[in-house]
Amino acid sequence: MFTRREALKLLTLGAGVGFVDGRLQDAFEGATAWAQTGRVLDIPIVGFTLGIHVPSIVAMKEILPSLPGYAPAKTTRFASQRVITQTIVSGQGDVGAGDPIITLRAAEAGADVKIIGLVFNSTSLVFVVNGNKIKQLQDLQKPGIVVAVNSKGDFTHVLLVGPLLKRGVDLSKVTVVEIGGSGARTRALLAGRVDAVPVHFDQAYDLAKQGNYPVLLDPAKEYKAWFGEVYFATAEWLKKPENKRAAVDLLKANLMAFRRATKDFAWFADQYRKHSTVQDAAKTPDEIIRPVWDVLCQQVNAWPGAMETFALENFRELIPVYRAAEALEGTVNVDRVVDRTYLEQALKELS
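Owing to the predicted nature of the structure, the values given are computational and were not obtained by experimental measurement.

A. A look at the overall build of the protein chain. When helices and strands are counted, the protein chain shows 15 helices and 10 strands. Split into buried and exposed, the 351 residues of the protein chain put 59% on the buried side. Accessible surface, the protein chain as shown: approximately 14300 Å² in total, 50% of it carbon and sulfur.

And the structure:
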């Protein structure tokens, strides 16, 4: 038998218009124009596929093509979440799978974007520290302590801010630097260049083997709701009937994948071996995958079957944290950006 820690060594834990009958028919007719060859949605995504990402990748690559009129999505990987948002805002992609905070910041700056659903729920990141220098979160405000995140103001940064505020930490005293990629942050921690980093569970396990690098914070336990990655598109793109249809179908595919992944371990394990970018994922046995699947389903709630956490009130509650992290100025009208109508239509069609 493998322990949970051994399992984590190899795995990372990783729709804005209401449709009436006539307009829904128009959307179906728009989709049929792609039917002979299958429409290819252009979706920029993050640079890796970990356990928490697997259902959405399967939705894009395998489930969506099972619906009328689609081929597998074209997925282009980017290390920077900012670039994902920029790609969509500039009209170079169809639907983005990226950071909700950066997307809200784009809206605050004037971009007409809509967040329409979840790539996954919550997060599989944890904060690992140099245990010789840091014993508690309050130590992060000490002179000389350096925290590395992917980008200031993105979710890897803001995840930390809420727990710090709860513990009375003076954010102005916390030194934050940017290092893109959890692998690069891991190397910086080991080299002594930084003292605290957000990484995934498998990386946290490996770090613990190399010295006094404990997990100081598990953000998934700190928030009522958290959004690690979301689907978003421009309002202009969504105006076209065939794109409205595509947005609903993409969310339908994700809902189908979420439900299957949560209920069917064997399916998830097979899909993990097929799609994960973790080294040697194809060779990972069930006994390694199962403990992580348990955590993703039961603790993280990574794949809610109705995306029920995707609710305006949950976004509203996070805005003060985003502002405290200086990720947002606070002028964005989240009610105009977060749009559940595509999701509601997808749920209606699946019922």
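Now, onward.
B. Representation of the pairing of strand 1 (residues 42-46) within the structure. The element strand 1 is largely enclosed, with a buried count of 5 among its 5 residues. Note that strand 1 and strand 2 (residues 74-78) share 5 bridges and pair parallel. Among the inter-strand pairings, Val-46 is bridged to a residue of strand 2, identified as Phe-78. As a crossover connection, the stretch from strand 1 through helix 3 (residues 54-63) into strand 2 is right-handed.

C. Focus on helix 7 (residues 182-190). Listed in full, the buried residues belonging to helix 7 are Ser-182, Arg-185, Thr-186, Ala-188 and Leu-189. End-on, the buried residues of helix 7 take up no more than an arc of 160 degrees, which puts them together on one face. One or two residues past the end of helix 7 sits Gly-192, with phi positive at roughly 80 degrees.

D. Molecular detail of the sheet that holds strand 10 (residues 229-234). One open sheet accounts for 3 strands, arranged 3-10-4; its pairing is antiparallel. With one partner strand each, in any of the chains shown, strand 3 (96-98) and strand 4 (113-120) form the two edges of the open sheet. The average angle at which neighbouring strand axes cross in this sheet is 30 degrees, direction not considered. Sheet analysis places strand 3 next to strand 10, joined by 3 bridges and oriented antiparallel. Bridging across to strand 10, Ala-97 finds its partner in Tyr-231.

E. Here's a closer look at the packing of helix 10 (residues 241-263) against helix 11 (residues 265-275). It is the contact of helix 10 with helix 11, at a shortest axis distance of 5 Å, that shows an interaxial angle of 110 degrees. Classified by the interaxial angle, the pair formed by helix 10 and helix 11 is roughly perpendicular. Across the interface between the two elements, Ala-257, Arg-260, Ala-261 and Lys-263 of helix 10 pack against Phe-265, Trp-267 and Phe-268 of helix 11. Here the residues of the contact of helix 10 with helix 11 sort into 5 nonpolar, no polar and 2 charged.

F. Fine view of the packing of aromatic side chains. Considering all chains together, one arrives at 7 aromatic pairs under this definition. Considering the side-chain rings of Tyr-223 and Trp-226, the 4.6 Å spacing of their centres and the 45 degrees angle between planes classify their relative orientation as tilted. With relative accessibility at 3%, the residue Trp-226 sits in the buried group. Consider the rings of Phe-310 and Phe-315, whose centres lie 5.7 Å apart with planes at 90 degrees: the pair is edge-to-face. Neither residue differs from the other here; Phe-310 and Phe-315 are each classed as buried. Site record: aromatic cluster; members linked through ring pairs are Tyr-223, Trp-226 and Tyr-322.

G. Up close: the nonpolar core. Formed by 105 residues in total, the largest nonpolar core has its most connected members in Phe-268, Trp-303 and Tyr-322. Ranked by the residues each element gives to this core, the list is headed by helix 10, at 10 residues. Contact partners of Phe-268, with chain neighbours within four places excluded, come to Gly-51, Val-54, Pro-55, Ala-261, Ile-289, Trp-293, Leu-296 and Trp-303. The next biggest cluster of nonpolar side chains, apart from the first, holds 14 residues, and it includes Ala-188, Val-197, Ala-204 and Tyr-213.

H. The arrangement of unusual backbone geometry in detail. Here Asp-280, not a glycine, exhibits a phi torsion of approximately 60 degrees, which is positive. With respect to the helices and strands, the residue Asp-280 is situated in the loop between helix 11 and helix 12 (286-300). For Asp-280, a relative accessible area of 47% puts it in the partly exposed group. For Asn-301, which is not a glycine, the phi torsion comes out positive at approximately 55 degrees.

Conventions adopted
- Residue positions are given per chain, counting from 1 as you read along its sequence in written order.
- Local features in a predicted model are, by the rule used here, given only for residues with pLDDT of at least 70; side-chain atom pairs are given and counted only at 80 or more, and totals for whole chains, interfaces and linings are based on all residues.
- With hydrogens and water stripped out, all remaining heavy atoms of the structure feed into the side-chain values.
- Runs of E in the DSSP output that reach at least two residues are strands. Runs of H or I that reach at least four are helices, and both are numbered from the N terminus.
- With a 1.4 Å probe rolled over the protein chains alone, any residue whose accessible area is under 20% of its type maximum counts as buried; one over 50% counts as exposed, and the rest are partly exposed.
- The protein chains shown are the only cover counted for residues, whose accessible areas, like all others here, come from Shrake-Rupley with a 1.4 Å probe.
- Pairing between strands is defined by DSSP: at least two bridges between them are needed.
- For the handedness criterion, the strands are oriented away from the viewer, and a crossover whose path from the first strand over the helix to the second runs clockwise is classed as right-handed.
- Arc definition: directions from the helix axis to the C-beta atoms.
- Helix axes use the C-alpha atoms of the stretch in contact, all axes being lines fitted to C-alpha atoms, and the angles between their N-to-C directions lie in the range 0 to 180 degrees.
- Geometric relationships in this document are graded by angle, where less than 35 degrees denotes roughly parallel, more than 145 denotes roughly antiparallel, 65 to 115 denotes roughly perpendicular, and other angles denote oblique.
- We call two residues contacting when some pair of their heavy atoms lies within 4.5 Å.
- Basically, the charged four are Asp, Glu, Lys and Arg, the nonpolar ten are Ala, Val, Leu, Ile, Met, Phe, Trp, Tyr, Cys and Pro, and anything else, Gly included, counts as polar.
- Only Phe, Tyr and Trp rings take part, Trp by its six-membered ring, and two of them pair if their centres are within 6.5 Å. Stacked means planes under 30 degrees apart, edge-to-face means over 60, and tilted covers everything else.
- Throughout, nonpolar core names a set of buried Ala, Val, Leu, Ile, Met, Phe, Trp, Tyr and Cys residues whose side chains join them through atoms within 4.5 Å.

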